[in-house]
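# Residue-level structure breakdown
So the chains spell out like this:
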Amino acid sequence: MTLVCSGITHQMRSAGFPLDEPLERRSIELALALGQHLSKTDRVFVAPSLRARETAQLLGLRATVIDSLRDQNYGFWEGKTLEKIEAEQPGALAAFRTDPAYVPGGGESLTQVASRTTGFLDAMRSAGGHLIAVTHPVVVRTAMIHILAAPLTSCWQIDVPPLSMTSFYSDGTRWTLRACGAQRRAAGKDPPD
């Protein structure tokens, strides 16, 4: 399975919590270029957000919307910058980054995101074939954390750039994180970095 991180929006570029808005121009250009290098896939899934669905479409993928791939619900933080949140709720961002059970802006905790991500991975573990899921950085991070059995507090130490790809392999019983090698990429068996 390859998890593709969606492109970003104008609001995200301005260091704000995302709104459900269209992709920015640069993400559109990058997605179109990336789509030319994707390998054959058997099934494609996408988060319900506009930016994820646009990313999948620009990649040339016909995808099924899966709710468990959605971005974290940031509640009333959505559309606000970090500076504004810190001014309105001093210390809230620090709590958000250190306590996985913290619910930002009345939305959804990291623990809740991790639980639904794990549910998706469990459901796909024995699916077979090459799967692609277009989703959001927090879902990719929590998938990696689950597979590595790392603590959720390590989530914010994982960088998941827009339109990056993270590959996993399942033998039907467990998932393994897979780095893409140059030989496999040259043979068209792994997506490019």
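### With respect to the side chain of Arg51
Here Arg51 lies in helix α3 (residues 50–58). Side chain to side chain, Arg51 and Asp71 meet in a polar contact 2.5 Å long. Once residues lying within four places of it in the same chain are set aside, the contact partners of Arg51 are Ser6, Gly7, Thr9, Met12, Pro18, Leu19, Asp20, Glu21, Leu23, Asp71 and His136.

### Section: the sheet that holds strand β4 (residues 131–135)
The 6 strands are arranged β3-β2-β4-β1-β5-β6 in an open sheet whose pairing can be described as mixed. For this open sheet the edge positions go to β3 (64–65) and β6 (175–178), each flanked by a neighbour on one side alone. Here 2 bridges tie strand β2 (residues 43–46) to β3, and the two strands are oriented parallel to one another. Bridging across to β3, Phe45 finds its partner in Thr64. With respect to the sheet, helix α6 (residues 110–124) is in contact with β2, β4 and β6, its orientation differing from that of β2 by roughly 170°.

### Thoughts on unusual backbone geometry
If you check the backbone angles, Ala149 has positive phi at about 55° while not being a glycine. If you trace the backbone, Ala149 turns up in the loop between α7 (137–148) and β5 (165–170). Positive phi is not limited to glycine here, since Leu163 has a value of about 65°. Mapping Leu163 onto the fold places it in the loop between α7 and β5.

### Some words on α6
Between its first and last C-alpha atoms α6 spans 21 Å; for 15 residues at 1.5 Å apiece the expected length is 21 Å, and the two agree. Along α6, the residues that are buried comprise Leu110, Val113, Ala114, Arg116, Thr117, Thr118, Phe120, Leu121 and Met124. Where the residues of α6 are buried, they touch β2, β4, α7 and β6.

### Thoughts on the pairing of strand β1 (residues 2–5)
Neither face of β1 is open: one carries Thr2 and Val4, the other Leu3 and Cys5, and all of them are buried. With 4 bridges joining them, β1 and β4 adopt parallel strand pairing. The residue bridging Val4 from the neighbouring strand is Val134, located in β4. In this sheet, β5 lies alongside β1 in antiparallel orientation, the contact comprising 3 bridges. Counted as the bridge partner of Thr2 is Ser167 from β5.

### A look at the pattern of salt bridges
Pairing is possible between side chains that carry opposite charge, provided their charged atoms lie close to one another. Per the counting criterion, the structure on display carries 10 salt bridges. Salt-bridge contacts for Arg13 lead to Glu24; the nearest nitrogen and oxygen are separated by 2.6 Å. Of this pair, Arg13 sits in helix α1 (residues 10–13) while Glu24 sits in the loop between α1 and α2 (25–35), and the two are 11 residues apart along the sequence. When its relative accessible area of 52% is taken as the criterion, Arg13 is described as exposed. Accessibility expressed as a relative area gives 14% for Glu24, which makes it buried. Of the charged contacts, one joins Asp67 and Arg70 as a salt bridge, the two residues approaching to 2.7 Å between their closest N and O atoms. Taking relative accessible area as the criterion, Asp67 reaches 46% and is therefore assigned partly exposed. The exposure class of Arg70 is partly exposed, given its relative accessible area of 28%. Overlapping salt bridges bring together Asp67, Arg70, Glu108 and Arg116 as one network.

Calculation criteria
All chains use their own residue numbering, which begins from 1 and follows the written sequence. Only residues with pLDDT of at least 70 get local features here, since the model is predicted, and only at 80 or more are side-chain atom pairs given and counted; chain-wide, interface and lining totals rely on the full set of residues. Note that the side-chain values use all heavy atoms of the structure and ignore hydrogens as well as water. Numbering of helices and strands runs from the N terminus, with a helix taken as a DSSP run of H or I at least four residues long and a strand as a DSSP run of E at least two residues long. Residues adjacent in sequence count toward polar contacts only when both atoms are side-chain atoms; beyond that, a polar contact is any pair of N or O atoms within 3.5 Å, and within protein one must be able to donate a hydrogen and the other to accept it. Any two residues whose heavy atoms approach within 4.5 Å at even a single point are treated as in contact. Strand pairing follows a simple DSSP-based rule, namely that at least 2 bridges must link the two strands. Axis angles are defined between N-to-C directions and span 0 to 180 degrees, where every axis is a line fitted to C-alpha atoms and, for a helix, only to the segment in contact. Any helix carries an expected span of 1.5 Å times its number of residues minus one. For each residue, the accessible area found with a 1.4 Å probe, counting protein chains only, is set against the maximum for its type, and the residue is called buried under 20%, exposed over 50%, and partly exposed in between. A pair is scored as a salt bridge if a Lys or Arg side-chain nitrogen falls within 4 Å of a carboxyl oxygen belonging to Asp or Glu.

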